[in-house]
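What follows is the residue order along each chain.
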Amino acid sequence: MPNPAVSFFSGRDGVRLAYRETGEGRPLILLHGMTGDATLWLLNGQAETIAAAGHRVIMPDFRGHGSSEKPHDAAFYPPDVLTDDGLALVEHLGLSEYDLGGYSLGARIVVRMLVRGAAPGRAVVAGQGLRQVLGSGGGAGASLRPLLTGWGTFEPGSPEERSEQWLRAGGADPVALLHVLDSLVATPAEQLGRITVPTLVAVGADDSGATSSAGHLVTALPQATGTVVPGDHWTAAGAPELAAAIVDFLAGHQ
């Protein structure tokens, strides 16, 4: 797995936030999913494939994740703070011509950035359907919140305890992640209808949480096209077909 150096910038409230870069060319900011970090895009060669097509791939770690700070004070997680951080990264890098994409939670933040004034040339919303974006169900919080609130109390060998151990191995901080979940903001349908950025909506064929409403999200976004790639919610993120679809979409919307 490529391992680009970690750089840092400050959120608007001073929280230290991490990001990595690979490749050269037109900037593409890629946002990861809940409990993950920038390595989501490195582990299966996604960033490398996209960079090889002529893109400067910029991959931040959300606050509460990865190499970014994980404060435990709820005051550092006001509503929509991840969107604030994304907009701060654009400002920090001085980007005027760029593209923006995300997977799962990252896709929700892409939508939030768009409705709050981000102006990428193109956008990618992957691993989410209309229900998740509207905040009406099917998001990561439904299954993750019970794990985080019950942290350290599960029966040894139980499915919950195994999931907790997997999260621990990845450096998850349950306090910070609960605050992140509490900070998420839904996007009303009428705001989606005002997004005019060409957008690719991509979803895994076996992603039961998002596949059923991904088509509705394509309809809700005036300039959206949809694609289906192999995998469920977890494996589609690493599918080579997802990287190929992103490259093809960006090439087709110069």
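Residues numbered from 1 in each chain as written. Predicted model: local features only at pLDDT ≥ 70, side-chain atom pairs only at ≥ 80, totals over all residues. Heavy atoms only, no water.

Observations concerning the packing of helix α3 (residues 81-93) against helix α4 (residues 105-115)
Contact geometry of α3 with α4 gives a least axis separation of 9 Å together with a crossing angle of 70 degrees. Relative to α4, the element α3 lies roughly perpendicular. Counted together, L82, T83, G86, L87 and V90 of α3 and L105, I109, R112 and M113 of α4 form the full contact between these two elements. Split by residue class, the contact of α3 with α4 holds 6 nonpolar, 2 polar and 1 charged. (Axes fitted to C-alpha atoms, helices over the stretch in contact; angles between N-to-C directions. Helix = DSSP H or I, 4+ residues; strand = E, 2+ residues; numbered from the N terminus. Parallel < 35°, antiparallel > 145°, perpendicular 65-115°, else oblique. Contact = heavy atoms within 4.5 Å. Nonpolar A, V, L, I, M, F, W, Y, C, P; charged D, E, K, R; others polar.)

Focus on the side chain of D61
Position of D61 among the secondary structure elements: in the loop between β4 (55-60) and α3. There is no salt bridge for the buried D61, and the closest opposite charge comes from R20, which lies 5.2 Å off by N-O distance. A polar side-chain atom of D61 sits 2.8 Å from the main-chain amide nitrogen of A38. Beyond its immediate chain neighbours, meaning those up to four positions away, D61 contacts A18, H32, D37, A38, G66, S67 and S68. (Buried < 20%, exposed > 50% of the residue type's maximum accessible area, 1.4 Å probe, protein only. Lys, Arg positive; Asp, Glu negative; His and termini not counted. Salt bridge = Lys/Arg side-chain N within 4 Å of Asp/Glu carboxyl O. Polar contact = N/O pair within 3.5 Å; in protein donor to acceptor, adjacent residues only side chain to side chain.)

Description of the packing of aromatic side chains
All chains considered together, the criterion is met by 1 aromatic pair. Measuring from ring centre to ring centre gives 5.9 Å for F9 and Y19, while their planes differ by 65 degrees; the resulting arrangement is edge-to-face. Highlighted residues: F9 in strand β1 (residues 6-10) and Y19 in strand β2 (residues 16-22), separated in sequence by 10 residues. Seen from the ring of F8, R16 lies directly overhead, with NZ or CZ sitting 3.6 Å from the centre. (Phe/Tyr/Trp six-rings, centres within 6.5 Å; stacked < 30°, edge-to-face > 60°. Lys NZ or Arg CZ within 6 Å of the ring centre and 35° of its normal.)

Some points on the environment of A142
Here A142 lies in helix α6 (residues 141-149). Separated by 32 residues in sequence, A142 and V110 have C-alpha atoms that sit 20 Å apart.

So, the nonpolar core
Within the largest apolar cluster, 53 residues are counted, with the highest numbers of intra-cluster contacts made by I29, L31, M113, L192 and L217. Setting aside residues up to four positions removed in sequence, L192 forms contacts with V111, L130, V133, L134, T187, L217, A220, L221 and P222. Formed by 25 residues, the second largest nonpolar core is a distinct cluster that contains A38, I50, A236 and A237. (Core = buried A, V, L, I, M, F, W, Y, C linked by side-chain atoms within 4.5 Å.)

Focus: the side chain of R122
As for its position among the elements, R122 is in the loop between α4 and β6 (123-126). For R122, a relative accessible area of 4% corresponds to the buried category. A distance of 2.3 Å separates the side chain of R122 from the backbone oxygen of L250, its partner in a polar contact.

Notes on the environment of L30
Its place among the elements puts L30 in strand β3 (residues 26-31). Residues L30 and T196, spaced 166 residues apart in sequence, show a C-alpha to C-alpha distance of 19 Å. With residues near it in sequence (within four places) discarded, L30 still touches W41, I50, V57, I58, M59, P60 and G101.

Comments concerning the sheet that holds strand β8 (residues 224-229)
Strands sit in the order β1-β2-β4-β3-β5-β6-β7-β8 across an open sheet of 8 strands; the sheet is mixed. Taken across any chain shown, the strands that pair with only one partner, and hence form the sheet edges, are β1 and β8. Each adjacent strand pair in this sheet contributes to an overall mean axis angle of 25 degrees, direction not counted. Both β2 and β4 contribute to a ladder of 4 bridges, which runs antiparallel. In the sheet register, Y19 faces β4, and the bridge partner there is P60. The sheet strands contacting α4 are β3, β5 (99-103) and β6, and the helix crosses β5 at an angle near 145 degrees. The strands touched by helix α11 (residues 240-252) within the sheet are β3, β4, β5, β6, β7 (199-204) and β8, with β7 carrying the most contacts at an inclination of about 165 degrees. (Pairing = 2+ DSSP bridges.)

Considerations on helix α7 (residues 159-169)
Quick reminder: α-helices carry 3.6 residues per turn. Residues three or four places apart thus point the same way. Three or more residues of α7 are buried, namely E161, E164 and L167. Buried residues of α7, seen end-on, are gathered within an arc of 120 degrees and therefore sit on one face of the element. Of the residues in α7, the exposed ones pointing more than 90 degrees away from the buried face are P159, W166 and A169. The inward-facing, buried residues of α7 abut α6. Directly beyond the C-terminal end of α7, a positive phi value near 80 degrees is found at G171. (Arc of directions from axis to C-beta.)

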